[in-house]
Amino acid sequence: MAIQAALAELSNLLGQRLSLSKSDLEQHGASETHFPLTPPDAVAYPNTTEEVSEIVKICARYGCPVIGWGAGTSLEGQAQAFSGGISVDFRNMNKILRLSPEDMDVAVQPGITREELNTELRATGLFFPVDPGANASIGGMASTRASGTTAVRYGTMRDNVLGLEVVLADGRIIRTGTRARKSSAGYDLTGLFVGAEGTLGLITELTLRLRGQPEAITAAVCAFDRIEDAVSAVIDTIQMGIPMARIEFVDAATAAAFNAYSGSDMPECPHLMVEFHGSEQGVAEQAETFGAIVADHGGKGFEWAMKPEDRNALWTMRHHAHWACMASKPGARSIVTDICVPISKLAEAVNETAADIAASPISGPILGHVGDGNFHSILLFDPSKPEEEKAAEDLAHRMVERSLALGGTVTGEHGIGIGKLKYMDAEHGAAWDVMGQMKRALDPQNIMNPGKMVRGN
Ligand SMILES: Cc1cc2nc3c(=O)[nH]c(=O)nc-3n(C[C@H](O)[C@H](O)[C@H](O)COP(=O)(O)OP(=O)(O)OC[C@H]3O[C@@H](n4cnc5c(N)ncnc54)[C@H](O)[C@@H]3O)c2cc1C
């Protein structure tokens, strides 16, 4: 009854912008990975912060779950409505509200995607660097504390969000942070909402830090005979302080998947894909030093991508890795898992993971943003074979255990959602209870994305 009453009030508020259509509900209950379909009761399409506030107030009155929806590309089931409720889709709130090239910052609504933002910024000589590959929304990226290929140089969403506007669980609208590059004024509420996966409030505006487009950019690919050689080259590169803009690892299975999906002709062996940003001279020096490190580790077959179109082709291929790997086993589902370890432990983590997958009955290409100590495995299983799904779950579990044992985290960038909730205690211990106390203080009715992030939620 409560949900029907909430839907009636929401319908009065939003009219046609409250959708109950089956396809809309299913689209907002689906995930890129292995989680089952869990549709919300309705999808709301607000146009303004005030409407978001009214939506939340109505939901609060009826104890109805509220789940933010950006582009729906998160990989751990974060945006799925496991307890039903209202999916708040931010696609209409996709404007640039203010652009200040002189301060290198921009205020945006949460529904703008990173590609839309960078297209708008093109003429300014500035860009927003965080690049998770998928064309995610900026609100969703902030909510998962996303990173990606360029985090090794420019940081994650944590480093690039200066301030937020947030609608709290009681409908109040607050602002966190300022446009200043630093502040000692009180608790870091911006940092609290970045990575909260919509469990503490809905983000309705973000102030972002922008970067200058580099004078020179060079990208390259090089091949290695063994995974350990590629990873050792990465560790040396990072420890020497070479300011890599991107340094990505792909294993032999991923290279084979690229060839089949993107028509490339990479040797089927481990590769590093790299990019350098800076002045002409700086980039040349970085490339030379990197080349020497690679040679020391037996790397070969350097292919340089100097022209923008060649670089675009290279990174498009990398960004399509998920779909290339999925296509390598037609009909497969996947558990896509990511871990992140201290850089000195990277070789151990990747080698043990590769050996573990090789000894299992399933395939699981390994790739990742190794400059941060972060890598993923796309564990592919036939959904009609429970033993394959179990093997994928066990491999993912052992990756997490390995990461924690090496001083790492259960997820470097994909976040918690439903998939990694069971590991929060192991990573955080008593600090996880503090997160629960914060959640209860800000959302005592537990309506904001319930079932996620905190214990017993
Ligand atoms: C092919 C592929 C590659 C990927 N590569 C990477 C990668 O390299 N690095 C990386 O970090 N991630 C990666 N991801 C995961 C995904 O792109 C990120 O998690 C991204 O940040 C999700 O953004 P989204 O807009 O799709 O958010 P959604 O999936 O829509 O939502 C994510 C979470 O944010 C919440 N949310 C959304 N909008 C708001 C809002 N306005 N206010 C409050 N909460 C909100 C949702 O409720 C949910 O909990 C990849 C995904 C795919 C499919």
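Conventions used here
Residues numbered from 1 in each chain as written. Predicted model: local features only at pLDDT ≥ 70, side-chain atom pairs only at ≥ 80, totals over all residues. Heavy atoms only, no water. UniProt positions renumbered as here; feature names shortened; annotations may be inferred. Helix = DSSP H or I, 4+ residues; strand = E, 2+ residues; numbered from the N terminus. Buried < 20%, exposed > 50% of the residue type's maximum accessible area, 1.4 Å probe, protein only. Contact = heavy atoms within 4.5 Å. Lys, Arg positive; Asp, Glu negative; His and termini not counted. Charge placed at Lys NZ, Arg CZ, Asp CG, Glu CD. Pairing = 2+ DSSP bridges. 1 Å grid on protein atoms, 1.4 Å probe; cavity = no way out; pocket = protein on both sides within 12 Å on 5 of 7 lines; lining within 4 Å. Points joined across faces, edges and corners; volume = space filled by probe spheres on them. Nonpolar A, V, L, I, M, F, W, Y, C, P; charged D, E, K, R; others polar. Near = heavy atom within 4 Å. Polar contact = N/O pair within 3.5 Å; in protein donor to acceptor, adjacent residues only side chain to side chain. Expected span 1.5 Å × (residues − 1). Arc of directions from axis to C-beta.

- As recorded in an unreviewed UniProt entry, the chain goes by D-lactate dehydrogenase (cytochrome) and comes from Thalassovita litoralis.
- The Sequence similarities (unreviewed entry) comment attached to the chain in UniProt states, word for word, "Belongs to the FAD-binding oxidoreductase/transferase type 4 family."
- In its Cofactor (unreviewed entry) section, UniProt records this for the chain: "FAD".

Considering the overall build of the chain
- Scanning the chain from terminus to terminus reveals 17 helices and 18 strands.
- Taking the principal axes of its C-alpha atoms as reference, the chain extends roughly 65 × 55 × 40 Å.
- Split into buried and exposed, the 457 residues of the chain put 56% on the buried side.
- Counted over contacts in the chain with a minimum sequence separation of 6, partners at least 24 positions apart contribute 71%.
- Of the side chains in the chain, 38 bear a positive and 57 a negative charge, and the two mean positions are spaced by 5 Å.

Considerations on the sheet that holds strand β1 (residues 18-19)
- Strands sit in the order β1-β2-β4-β3 across an open sheet of 4 strands; the sheet is mixed. Both edges of this open sheet fall to β1 and β3 (66-69), since each of them pairs with a single strand only.
- Bridge count between strand β2 (residues 42-44) and strand β4 (residues 86-89): 3 bridges; the pairing is parallel. Counted as the bridge partner of Ala 42 is Ile 86 from β4.

Things to note about the UniProt feature "domain: FAD-binding PCMH-type" (unreviewed entry) in the chain
- In the UniProt entry, the feature "domain: FAD-binding PCMH-type" (unreviewed entry) is given for residues 35-213.
- Across residues 35-213, helical content stands at 23% and strand content at 26%; the span's end C-alpha atoms are separated by 39 Å.

What about empty space enclosed by the protein?
- The final tally for this structure, using the stated rule, is 1 cavity of 30 Å³ or more.
- Counted as a void, the largest cavity has a volume near 40 Å³.
- Split by residue class, the lining of the largest cavity holds 3 nonpolar, 6 polar and no charged.

Concerning the site of the ligand
- Around the ligand sit 37 residues in total, of which Gly 68, Thr 73, Ser 74, Pro 132 and Ser 137 are the nearest.
- Between the ligand and Ser 74, the relevant distance is 2.6 Å, taken from an oxygen atom to a side-chain nitrogen or oxygen of the residue.
- Contributions of two or more residues to the shell around the ligand are made by β3, α5 (138-144), β10 (201-209) and α13 (321-327).
- For the shell around the ligand, the element with the highest residue contribution is α5, accounting for 5 residues.

As for helix α11 (residues 280-296)
- Taking 1.5 Å of rise per residue, 17 residues should cover 24 Å, and α11 covers 25 Å from first to last C-alpha, within 8% of that figure.
- All buried positions along α11 are accounted for by Gly 282, Val 283, Gln 286, Ala 287, Phe 290, Ile 293 and Val 294. For α11, the buried positions fall inside an angular range of 125° around the axis, keeping them on one side. Turned more than 90 degrees from where α11 packs its buried face, Glu 280, Gln 281, Glu 288, Ala 295 and Asp 296 sit exposed.
- Among the structural elements, β12 (216-223), α9 (227-239), β13 (244-250), β14 (271-278) and β15 (300-305) are those in contact with the buried residues of α11.

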